[in-house]
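# Observations on chain architecture
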Amino acid sequence: MATEPYSSKHPIGVFDSGIGGLSILRALRLELPHENFVYVADSGHAPYGERDDSHVIARARTITAYLQAKHHIKALVMACNTATAAAIHLLRQAHPELPIIGVEPALKPAVAQSQTRRIGVMATRGTLGSVKFRSLVESLAGQADFICQPCDGLADAIEHQDAIKTIALCQHYTRAMGAFGTQSGQIDTLVLGCTHYPFARDHLIQQLGPDVRLIDNGEPVARQTRRVLPQLASGETLGQCLLLTTGEAAFVKQAAQHWLGLECRVDSLID
Ligand code: DGL
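Below: a short report on this structure. (Residues numbered from 1 in each chain as written. Predicted model: local features only at pLDDT ≥ 70, side-chain atom pairs only at ≥ 80, totals over all residues. Heavy atoms only, no water.)

## Observations concerning the site of the ligand
Surrounding the ligand, one finds 13 residues, the nearest of these being Ser17, Tyr48, Gly49, Thr82 and His196. Separating an oxygen atom of the ligand from a side-chain N or O atom of threonine 82 is a distance of 2.6 Å. Relative to its unbound accessible area of 300 Å², the ligand is 99% covered by the protein chains. Residues that form the shell around the ligand fall into these classes: five nonpolar, seven polar and one charged. (Near = heavy atom within 4 Å. Polar contact = N/O pair within 3.5 Å; in protein donor to acceptor, adjacent residues only side chain to side chain. Areas by Shrake-Rupley, 256 points an atom, 1.4 Å probe, with all protein chains shown as cover. Nonpolar A, V, L, I, M, F, W, Y, C, P; charged D, E, K, R; others polar.)

## Focus: the side chain of threonine 174
For threonine 174, the location among the structural elements is in helix H8 (residues 163-177). Leave out the neighbours within four places in its chain, and threonine 174 touches Met122, Phe180, Leu204, Gln207 and Leu208. (Helix = DSSP H or I, 4+ residues; strand = E, 2+ residues; numbered from the N terminus. Contact = heavy atoms within 4.5 Å.)

## Here's the deal with unusual backbone geometry
The omega angle of the peptide bond from alanine 46 to proline 47 is -5°, so this bond is cis rather than trans. Mapped onto the elements of the fold, proline 47 is located in the loop between strand S2 (37-41) and helix H2 (53-71). Positive phi outside glycine occurs at glutamine 161, with the angle close to 50°. Among the secondary structure elements, glutamine 161 is positioned in the loop between helix H7 (154-159) and H8.

## As for the nonpolar core
Among the nonpolar cores identified, the biggest contains 52 residues, and Val14, Leu22, Met122, Leu190 and Tyr197 are the most heavily contacted of them. Beyond its immediate stretch of four places on either side in the chain, valine 14 contacts Leu25, Leu28, Phe37, Val38, Tyr39, Val40, Leu67, Val77 and Ala79. (Core = buried A, V, L, I, M, F, W, Y, C linked by side-chain atoms within 4.5 Å. Buried < 20%, exposed > 50% of the residue type's maximum accessible area, 1.4 Å probe, protein only.)

## Quick word on the state of the cysteines
Throughout the structure, instances matching the rule amount to zero disulfides. In this structure cysteine 194 is a free cysteine whose sulfur lies 6.8 Å from that of cysteine 80, the closest cysteine sulfur available. The class for cysteine 194 is buried, based on a relative accessible area of 7%. Free of any disulfide, cysteine 264 has its nearest neighbouring cysteine sulfur in cysteine 241, separated by 5.7 Å. (Disulfide = S-S within 2.5 Å.)

## Observations regarding the packing of H8 against helix H9 (residues 201-208)
Where H8 contacts H9, the axes come no closer than 10 Å and their chain directions differ by 50°. By the criterion of interaxial angle, the relationship of H8 to H9 is oblique. The two elements H8 and H9 cross, and the hand of that crossing is right-handed. Across the interface between the two elements, Thr166, Ile167, Cys170, Gln171 and Thr174 of H8 pack against His203, Leu204, Gln207 and Leu208 of H9. (Axes fitted to C-alpha atoms, helices over the stretch in contact; angles between N-to-C directions. Parallel < 35°, antiparallel > 145°, perpendicular 65-115°, else oblique. Left-handed = near helix turned anticlockwise from the far one by under 90°.)

## Side note on the sheet that holds strand S9 (residues 241-245)
One open sheet accounts for six strands, arranged S4-S3-S1-S2-S9-S10; its pairing is parallel. The strands lining the two open edges of the sheet, one partner per strand, are strand S4 (100-101) and strand S10 (266-268). As defined by bridge partners, S9 adjoins S10 across three bridges and the pair is classed as parallel. Across the sheet, leucine 244 pairs through a bridge with aspartate 267, a residue of S10. (Pairing = 2+ DSSP bridges.)

## What to know about the environment of isoleucine 12
Relative to the helices and strands, isoleucine 12 resides in strand S1 (residues 12-16). Judged by relative accessible area, isoleucine 12 falls into the buried class, the value being 0%. Remark: the alpha-carbon pair of isoleucine 12 and aspartate 202, spanning 190 residues in sequence, is separated by 29 Å. Contacts of isoleucine 12, omitting those with residues within four sequence positions, involve Leu32, Glu35, Asn36, Phe37, Val38, Ile73, Lys74, Ala75, Val77, Thr225 and Leu229.

## So, the sheet that holds strand S5 (residues 118-123)
With parallel pairing, the four strands of this open sheet are ordered in space as S6-S5-S7-S8. Strands with a single pairing partner mark the edges of an open sheet, and in this sheet they are strand S6 (145-150) and strand S8 (213-215). Geometrically, the sheet is characterised by an average inter-axis angle of 20° between neighbouring strands, direction not taken into account. Taken together, the four bridges between S5 and strand S7 (residues 189-192) define a ladder with parallel strand orientation. Within the sheet, the bridge partner assigned to isoleucine 119 lies in S7 and is threonine 189.

## Section: the packing of helix H1 (residues 22-31) against helix H10 (residues 218-228)
In the contact formed by H1 and H10, the axes pass within 8 Å of each other and the chain directions differ by 50°. The angle between H1 and H10 places the two elements in the oblique class. Relative to H10, the crossing made by H1 is right-handed. On the side of H1, the interface is formed by Ile24, Ala27, Leu28 and Glu31, while H10 contributes Gly218, Glu219, Val221, Ala222, Arg223, Thr225 and Arg226.

Written out as C-alpha coordinates, the structure reads:
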(Lines give C-alpha, C1' and ligand atoms only; values in the text may rest on other atoms or scores of the structure.)
Protein backbone atom coordinates (compact mmCIF):
# COMPACT_ATOMS: atom_id res chain seq x y z
CA MET A 1 0.00 0.00 0.00
CA ALA A 2 1.42 3.40 -0.97
CA THR A 3 2.03 5.80 1.91
CA GLU A 4 0.08 9.03 1.72
CA PRO A 5 2.55 11.90 1.11
CA TYR A 6 2.99 14.40 3.93
CA SER A 7 1.10 17.62 3.47
CA SER A 8 1.08 20.91 5.35
CA LYS A 9 -2.17 19.88 7.09
CA HIS A 10 -0.71 16.85 8.81
CA PRO A 11 0.00 17.40 12.50
CA ILE A 12 3.30 17.72 14.29
CA GLY A 13 3.72 15.01 16.94
CA VAL A 14 5.05 16.05 20.34
CA PHE A 15 5.74 13.79 23.31
CA ASP A 16 7.10 13.78 26.84
CA SER A 17 6.92 11.50 29.87
CA GLY A 18 4.03 13.68 31.05
CA ILE A 19 2.93 17.29 31.20
CA GLY A 20 6.48 18.74 31.04
CA GLY A 21 6.49 18.90 27.26
CA LEU A 22 3.52 21.29 27.46
CA SER A 23 6.20 23.94 28.14
CA ILE A 24 7.57 23.16 24.67
CA LEU A 25 4.08 22.94 23.13
CA ARG A 26 3.36 26.44 24.49
CA ALA A 27 6.36 27.83 22.56
CA LEU A 28 5.50 25.78 19.46
CA ARG A 29 1.96 27.17 19.34
CA LEU A 30 3.27 30.73 19.58
CA GLU A 31 5.86 30.19 16.85
CA LEU A 32 3.64 28.09 14.58
CA PRO A 33 0.04 29.17 15.24
CA HIS A 34 -1.45 27.52 12.15
CA GLU A 35 0.00 24.07 12.76
CA ASN A 36 -1.98 21.16 14.15
CA PHE A 37 -0.38 19.30 17.06
CA VAL A 38 -0.89 15.85 18.59
CA TYR A 39 0.68 15.68 22.05
CA VAL A 40 1.32 12.46 23.97
CA ALA A 41 1.84 12.73 27.74
CA ASP A 42 3.24 9.30 28.63
CA SER A 43 2.35 9.74 32.29
CA GLY A 44 1.49 6.06 32.70
CA HIS A 45 5.19 5.24 32.15
CA ALA A 46 6.78 8.21 33.96
CA PRO A 47 9.15 9.29 35.30
CA TYR A 48 11.64 8.62 32.50
CA GLY A 49 14.53 10.35 34.26
CA GLU A 50 15.02 7.77 37.01
CA ARG A 51 14.57 4.70 34.78
CA ASP A 52 16.94 2.70 32.56
CA ASP A 53 17.65 3.84 29.03
CA SER A 54 16.03 0.64 27.75
CA HIS A 55 12.65 1.73 29.20
CA VAL A 56 12.93 5.23 27.71
CA ILE A 57 14.03 3.90 24.30
CA ALA A 58 11.16 1.41 24.18
CA ARG A 59 8.62 4.14 25.05
CA ALA A 60 10.08 6.55 22.47
CA ARG A 61 9.86 3.86 19.78
CA THR A 62 6.29 2.88 20.67
CA ILE A 63 5.02 6.47 20.76
CA THR A 64 6.73 7.41 17.49
CA ALA A 65 5.33 4.36 15.70
CA TYR A 66 1.85 5.15 17.06
CA LEU A 67 2.02 8.83 16.00
CA GLN A 68 3.13 7.88 12.50
CA ALA A 69 0.61 5.10 12.00
CA LYS A 70 -2.45 6.79 13.52
CA HIS A 71 -1.81 10.50 12.97
CA HIS A 72 0.56 10.54 10.00
CA ILE A 73 2.70 13.21 11.64
CA LYS A 74 4.90 15.35 9.37
CA ALA A 75 7.51 15.98 12.11
CA LEU A 76 8.23 14.84 15.66
CA VAL A 77 9.29 17.02 18.58
CA MET A 78 10.78 15.02 21.46
CA ALA A 79 9.77 17.48 24.18
CA CYS A 80 11.83 15.65 26.77
CA ASN A 81 15.54 16.05 27.53
CA THR A 82 15.79 12.53 28.95
CA ALA A 83 14.20 10.84 25.92
CA THR A 84 16.26 12.95 23.52
CA ALA A 85 19.50 11.95 25.25
CA ALA A 86 18.61 8.25 25.27
CA ALA A 87 16.86 7.76 21.96
CA ILE A 88 17.01 10.54 19.34
CA HIS A 89 19.85 8.90 17.39
CA LEU A 90 17.94 5.60 17.29
CA LEU A 91 14.68 7.23 16.17
CA ARG A 92 16.49 9.17 13.44
CA GLN A 93 18.05 5.91 12.20
CA ALA A 94 14.71 4.15 12.23
CA HIS A 95 12.73 7.01 10.60
CA PRO A 96 15.08 8.79 8.18
CA GLU A 97 12.11 10.37 6.35
CA LEU A 98 10.75 12.07 9.49
CA PRO A 99 12.17 15.38 10.74
CA ILE A 100 12.88 14.80 14.45
CA ILE A 101 13.64 17.72 16.74
CA GLY A 102 15.08 17.07 20.20
CA VAL A 103 15.57 19.07 23.38
CA GLU A 104 18.82 19.39 25.29
CA PRO A 105 19.79 21.51 28.31
CA ALA A 106 20.48 25.05 27.06
CA LEU A 107 24.16 25.20 28.08
CA LYS A 108 25.34 27.26 25.09
CA PRO A 109 22.85 30.12 25.63
CA ALA A 110 23.76 30.02 29.34
CA VAL A 111 27.46 30.43 28.55
CA ALA A 112 26.60 33.38 26.31
CA GLN A 113 24.68 35.09 29.12
CA SER A 114 26.57 34.27 32.31
CA GLN A 115 28.87 36.94 33.73
CA THR A 116 30.22 34.92 36.67
CA ARG A 117 30.87 31.85 34.48
CA ARG A 118 29.26 29.64 37.11
CA ILE A 119 26.21 27.95 35.66
CA GLY A 120 23.79 25.66 37.47
CA VAL A 121 22.12 22.83 35.57
CA MET A 122 19.04 21.12 36.98
CA ALA A 123 18.04 17.99 35.07
CA THR A 124 17.10 14.37 35.52
CA ARG A 125 19.62 11.73 36.50
CA GLY A 126 19.13 10.15 33.04
CA THR A 127 19.97 13.35 31.16
CA LEU A 128 23.01 14.23 33.26
CA GLY A 129 24.40 10.68 33.03
CA SER A 130 24.02 10.45 29.24
CA VAL A 131 26.84 10.37 26.69
CA LYS A 132 25.09 13.19 24.81
CA PHE A 133 25.17 15.50 27.83
CA ARG A 134 28.78 14.64 28.62
CA SER A 135 29.88 15.55 25.12
CA LEU A 136 27.89 18.81 25.30
CA VAL A 137 29.77 19.74 28.49
CA GLU A 138 33.09 18.73 26.93
CA SER A 139 32.40 20.91 23.88
CA LEU A 140 32.22 23.91 26.24
CA ALA A 141 35.27 23.03 28.32
CA GLY A 142 37.04 26.06 29.74
CA GLN A 143 34.16 28.44 28.99
CA ALA A 144 32.31 28.09 32.31
CA ASP A 145 31.95 25.88 35.38
CA PHE A 146 28.80 23.77 35.29
CA ILE A 147 27.28 22.72 38.59
CA CYS A 148 25.05 19.81 37.60
CA GLN A 149 22.29 18.71 39.94
CA PRO A 150 20.19 15.58 39.39
CA CYS A 151 16.70 16.38 40.71
CA ASP A 152 15.07 13.05 41.61
CA GLY A 153 11.37 13.42 42.32
CA LEU A 154 11.01 16.99 41.04
CA ALA A 155 9.43 16.16 37.67
CA ASP A 156 7.06 13.79 39.48
CA ALA A 157 6.02 16.48 42.01
CA ILE A 158 5.35 18.94 39.17
CA GLU A 159 3.51 16.25 37.20
CA HIS A 160 1.15 15.71 40.15
CA GLN A 161 0.83 19.44 40.72
CA ASP A 162 2.03 18.99 44.28
CA ALA A 163 3.11 22.57 45.09
CA ILE A 164 4.39 21.84 48.61
CA LYS A 165 6.69 19.06 47.45
CA THR A 166 7.77 21.09 44.39
CA ILE A 167 8.78 24.06 46.56
CA ALA A 168 10.64 21.83 49.06
CA LEU A 169 12.55 19.98 46.34
CA CYS A 170 13.49 23.19 44.50
CA GLN A 171 14.87 24.55 47.76
CA HIS A 172 16.73 21.35 48.58
CA TYR A 173 18.37 21.05 45.15
CA THR A 174 19.30 24.71 44.66
CA ARG A 175 20.85 24.83 48.16
CA ALA A 176 22.91 21.76 47.27
CA MET A 177 24.34 23.64 44.27
CA GLY A 178 25.90 26.47 46.29
CA ALA A 179 25.49 30.23 46.37
CA PHE A 180 23.41 32.00 43.74
CA GLY A 181 23.86 35.65 42.81
CA THR A 182 25.73 38.00 40.54
CA GLN A 183 28.96 38.31 42.58
CA SER A 184 32.11 36.55 41.47
CA GLY A 185 32.04 32.88 42.53
CA GLN A 186 28.23 32.76 42.59
CA ILE A 187 25.90 30.98 40.17
CA ASP A 188 24.19 33.69 38.12
CA THR A 189 22.53 31.45 35.51
CA LEU A 190 20.40 28.34 36.04
CA VAL A 191 19.58 25.99 33.17
CA LEU A 192 16.24 24.23 33.50
CA GLY A 193 17.30 21.00 31.81
CA CYS A 194 14.00 19.14 32.12
CA THR A 195 10.85 20.29 30.36
CA HIS A 196 8.83 19.96 33.58
CA TYR A 197 10.93 22.56 35.43
CA PRO A 198 9.68 25.74 33.67
CA PHE A 199 6.42 25.05 35.54
CA ALA A 200 8.35 25.60 38.79
CA ARG A 201 9.83 28.87 37.51
CA ASP A 202 7.91 31.14 39.88
CA HIS A 203 9.00 29.10 42.92
CA LEU A 204 12.64 29.20 41.77
CA ILE A 205 12.55 32.97 41.23
CA GLN A 206 11.13 33.40 44.74
CA GLN A 207 13.91 31.29 46.22
CA LEU A 208 16.85 32.62 44.17
CA GLY A 209 15.85 36.23 43.66
CA PRO A 210 15.20 38.17 40.46
CA ASP A 211 18.86 38.58 39.42
CA VAL A 212 19.50 34.91 38.67
CA ARG A 213 18.72 34.07 35.04
CA LEU A 214 16.63 30.97 34.42
CA ILE A 215 17.05 29.45 30.99
CA ASP A 216 14.86 26.90 29.24
CA ASN A 217 14.69 25.96 25.63
CA GLY A 218 11.07 26.27 24.52
CA GLU A 219 11.68 29.14 22.11
CA PRO A 220 14.85 27.81 20.43
CA VAL A 221 13.18 24.42 19.95
CA ALA A 222 10.14 26.08 18.38
CA ARG A 223 12.35 28.10 16.01
CA GLN A 224 14.30 24.99 15.07
CA THR A 225 11.03 23.16 14.36
CA ARG A 226 9.98 25.95 11.99
CA ARG A 227 13.35 25.65 10.19
CA VAL A 228 13.14 21.92 9.59
CA LEU A 229 9.44 21.56 8.75
CA PRO A 230 9.00 20.32 5.20
CA GLN A 231 5.81 22.38 4.73
CA LEU A 232 4.30 25.04 6.94
CA ALA A 233 0.54 25.17 7.50
CA SER A 234 -0.95 28.50 6.54
CA GLY A 235 -4.34 30.20 6.41
CA GLU A 236 -6.64 32.25 8.53
CA THR A 237 -7.56 29.63 11.10
CA LEU A 238 -5.54 28.61 14.13
CA GLY A 239 -4.26 25.06 14.30
CA GLN A 240 -5.88 22.43 16.52
CA CYS A 241 -4.36 20.48 19.40
CA LEU A 242 -5.23 16.95 20.38
CA LEU A 243 -3.87 15.80 23.73
CA LEU A 244 -3.44 12.12 24.53
CA THR A 245 -2.20 10.43 27.67
CA THR A 246 -1.33 7.00 29.00
CA GLY A 247 -2.11 8.33 32.50
CA GLU A 248 -4.89 10.39 34.07
CA ALA A 249 -6.66 12.51 31.44
CA ALA A 250 -7.93 14.93 34.12
CA PHE A 251 -4.36 15.88 35.17
CA VAL A 252 -3.32 16.68 31.62
CA LYS A 253 -6.52 18.62 30.94
CA GLN A 254 -6.03 20.72 34.06
CA ALA A 255 -2.34 21.39 33.29
CA ALA A 256 -3.13 22.42 29.69
CA GLN A 257 -5.84 24.80 30.92
CA HIS A 258 -3.66 26.22 33.67
CA TRP A 259 -0.35 26.64 31.84
CA LEU A 260 -1.43 27.15 28.23
CA GLY A 261 -4.98 28.45 28.56
CA LEU A 262 -5.77 25.57 26.25
CA GLU A 263 -9.28 24.14 26.31
CA CYS A 264 -9.16 20.94 24.38
CA ARG A 265 -10.03 17.28 24.41
CA VAL A 266 -7.73 14.91 26.27
CA ASP A 267 -8.10 11.28 25.21
CA SER A 268 -6.77 8.25 27.02
CA LEU A 269 -4.27 6.21 25.12
CA ILE A 270 -4.12 2.51 25.92
CA ASP A 271 -0.58 1.48 25.12
N1 DGL B 1 10.35 16.09 31.13
C2 DGL B 1 11.40 15.15 31.03
C3 DGL B 1 12.73 15.79 30.61
O4 DGL B 1 12.74 16.84 29.99
C5 DGL B 1 11.67 14.17 32.14
C6 DGL B 1 10.75 13.99 33.28
C7 DGL B 1 10.81 12.55 33.80
O8 DGL B 1 11.72 12.21 34.56
O9 DGL B 1 9.95 11.80 33.39
O10 DGL B 1 13.77 15.23 30.86
